[in-house]
Amino acid sequence: MSDVQDCPGNLRVFDMQFDSFSHASRWLDLATFGPKRGEVKSLINKRAKAWYDEQVSLPVTSHLEQCHKQFEAQGYGKKPSKATRVRAWLDVAFYSQDQLRQRVAYALSQIFVASDQDSDLTNHAPAIANYNDLLCQHAFGNFRELLKNVSVSPVMGQYLSMVGNKKGDLASGRRPDENYAREIMQLFSVGLYQRDIDGTYYLDENGKPIPCYTERDIQELARIFTGWNHSDNALIEPMVNNAVDHDRGEKWVMGHRFPKNMPAEQEMDQVMDMLLHHPSTAPHISHGLIQRLTSSNPSPDYVRRVAEVFLDNGMGITGDLKAVVWAILTDPEVYTATPVTMSKVREPWLSLVTIYRALDVKPGAGSDVVETDLVYLKTCNQYPLGSPSVFNFYLPDFSPKGIVKDNNLVAPELQIVDWSHIIYVHNFIYGLLRLNLQKLSAPLAKELYINVEDFKALITKKDIEGFVQETSERFFNGAMPNSLKESMYKQYNGIDLKPGKWVQRLLFIALASPYFHIQENRA
């Protein structure tokens, strides 16, 4: 499956060779928004590092540019809307070549959360698209630079009320806003509690996790984040500091001294260095990225190996996200561990995106852009950069009652999966499969059309074994569980239906099954 390669410095990594269909398919399932037809077979016997380096080097597909392209195609309205941006996001997810970067940026968007659900951002679709681009641009850069650019982003400044934050005033009783100071530590860097390198919490003498910071630290950091303001009304350009509003007094944060009269920009740089090198940042961020990309319940050893790369990429550099993502995707446990520690629930939104990509989706009527937003406000309980709060759509430690909680496991994505969602998503899947029955000579521009001709041909030949195998390869990494195979064989009972009807029925059985909605190592 892989062998150990020497890299610059002391770092040794597994440069995998994709020696089977299942191995190559699982890689693409994790590292992209889902493999398209033919992509898996083209990867067999190739090395992961070559594919990875090629992906990293690809030009960045811009959500902002696509948002404007969508608006032009839309042909109405005064400016791009939320739905315009969501359609642009789908364009990028379905058709862009830089899949790895886009997939990592999506994971980052659920850590460095900003959302157009905020009333002050809801009408700023281009600004949200530009924030998405910021995450894309820094997906393989240094964590410090990502964190700094997020911190001076006008979207983040608006979302977490750092914009217009003024120094305290004793006469009026005004105090600096503490919102961003709190969240940059709790969510974007060190986390609430001190972690060992393997992600486990340090405990005090009473068995309680030890906090990383105090309320005083938050108050002092809030003083540092004063004076920052928008530089443009469109919320595209980074914020700038107004020295008059900046607190120039001495501050102490987590034992670090910030001397008086230090310029705001210099203080910002010192904060970035402090957070980058805090001992809890590497395991906290590594654990978060692992949860978003490969496993909800990573082993401590897995977290430790990734965090060690975060601390040192082999060339003495801390925070190299290119090396961190590589370590996450190539860790041996990803391809050898049991599903208990190597699985995650597909997010509802990504389930639909994966299906569309696997079936070579195309917009109707020859449109150059996607003209549907998948009824995003109703179908999935989520959409990109549309979280209801800074804590994302779901909490990383959410554990539903039952077998998950009883085994001390977590399943974050299940926090937004309820019966209403299950009905909506499954109805949506059944509906998208129905569109293979429409007249291709007169498709509707506002619909998405899938290509199921290969499946129809197998039904026409009454080759149910071939149909099940094709389904397994498209949606289950070539390793469909036997119980699901038996269900499909049983349902194909010889009733005389048109091939398209059988395709709809049988694919729905497969795609409505929990086996599809769980990404797990079945090798």
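Right above here is the structure, for reference.
A. A look at the overall build of the chain. If you tally the helices and strands in the chain, you get 23 helices and 10 strands. Whereas a compact globule of 523 residues would reach a radius of gyration of roughly 24 Å, the chain reaches 24 Å, a difference of no more than 12%. Taken along its principal axes, the extent of the C-alpha atoms in the chain is 85 × 55 × 45 Å. For the chain, buried positions account for 56% of its 523 residues. Pairs at least 24 residues apart make up 69% of the contacts formed inside the chain by residues separated by at least 6 positions. Of the roughly 22,000 Å² that the chain leaves accessible, carbon and sulfur atoms contribute 52%.

B. Representation of the nonpolar core in the model. One finds Trp27, Tyr52, Phe112, Val150, Ile184, Phe188 and Phe225 to be the most contacted residues of the largest nonpolar core, which totals 94 residues. Ranked by the residues each element gives to this core, the list is headed by helix H15 (residues 321-330), at 8 residues. Apart from the residues lying within four places of it in its own chain, the contact partners of tyrosine 52 are Trp27, Leu100, Phe140, Lys322, Val325, Trp326 and Leu329. Core analysis: the next-biggest nonpolar cluster, separate from the first, contains 49 residues, Val370, Val425, Phe428 and Leu448 among them.

C. How the structure looks around a positive patch on the surface. Among the surface-exposed residues, Lys166, Lys167, Arg174 and Arg248 lie close enough to one another that they form a single positively charged patch. Topologically, arginine 248 is positioned in the loop between strand E4 (240-241) and strand E5 (251-253).

D. Examining the packing of helix H13 (residues 281-293) against helix H14 (residues 300-311) more closely. Packing of H13 against H14 brings their axes to within 8 Å, and their N-to-C directions diverge by 120°. Classified by the interaxial angle, the pair formed by H13 and H14 is oblique. For the crossing formed where H13 meets H14, the hand is right-handed. Touching Thr281, Ala282, Pro283, Ile285, Ser286, His287 and Ile290 of H13 are Tyr302, Val303, Val306, Ala307, Phe310 and Leu311, all from H14. Across the contact of H13 with H14, the residue classes tally to 10 nonpolar, 3 polar and no charged.

E. Region of the structure containing the packing of aromatic side chains. Taken as a whole and judged by the stated rule, the model has 24 aromatic pairs. Relative to phenylalanine 516, the ring of phenylalanine 475 lies with its centre 6.0 Å away and its plane at 85°, an arrangement referred to as edge-to-face. Note that phenylalanine 475 is positioned in helix H21 (residues 464-475) and phenylalanine 516 in the loop between helix H23 (499-511) and strand E10 (518-520), a separation of 41 residues in sequence. For the pair phenylalanine 475 and phenylalanine 516, a shared accessibility class is recorded, and that class is buried. Aromatic ring contacts, followed pair by pair, group Phe18, Trp27, Trp51, Tyr52, Phe140 and Trp326 into a single cluster. A cation over a ring is seen here: lysine 49 above tryptophan 326, with NZ or CZ 5.7 Å from the ring centre. Above the ring of phenylalanine 516, the side-chain terminus of arginine 346 is found at 4.7 Å from the ring centroid.

About the criteria used
- Residues numbered from 1 in each chain as written.
- Predicted model: local features only at pLDDT ≥ 70, side-chain atom pairs only at ≥ 80, totals over all residues.
- Heavy atoms only, no water.
- Helix = DSSP H or I, 4+ residues; strand = E, 2+ residues; numbered from the N terminus.
- Rg over C-alpha atoms; globule rule 2.2 N^0.38 Å.
- Buried < 20%, exposed > 50% of the residue type's maximum accessible area, 1.4 Å probe, protein only.
- Contact = heavy atoms within 4.5 Å.
- Areas by Shrake-Rupley, 256 points an atom, 1.4 Å probe, with all protein chains shown as cover.
- Core = buried A, V, L, I, M, F, W, Y, C linked by side-chain atoms within 4.5 Å.
- Patch = residues over 30% accessible without salt bridge, like charges linked within 9 Å, V, L, I, M, F, W, Y side chains within 5 Å.
- Salt bridge = Lys/Arg side-chain N within 4 Å of Asp/Glu carboxyl O.
- Lys, Arg positive; Asp, Glu negative; His and termini not counted.
- Charge placed at Lys NZ, Arg CZ, Asp CG, Glu CD.
- Axes fitted to C-alpha atoms, helices over the stretch in contact; angles between N-to-C directions.
- Parallel < 35°, antiparallel > 145°, perpendicular 65-115°, else oblique.
- Left-handed = near helix turned anticlockwise from the far one by under 90°.
- Nonpolar A, V, L, I, M, F, W, Y, C, P; charged D, E, K, R; others polar.
- Phe/Tyr/Trp six-rings, centres within 6.5 Å; stacked < 30°, edge-to-face > 60°.
- Lys NZ or Arg CZ within 6 Å of the ring centre and 35° of its normal.

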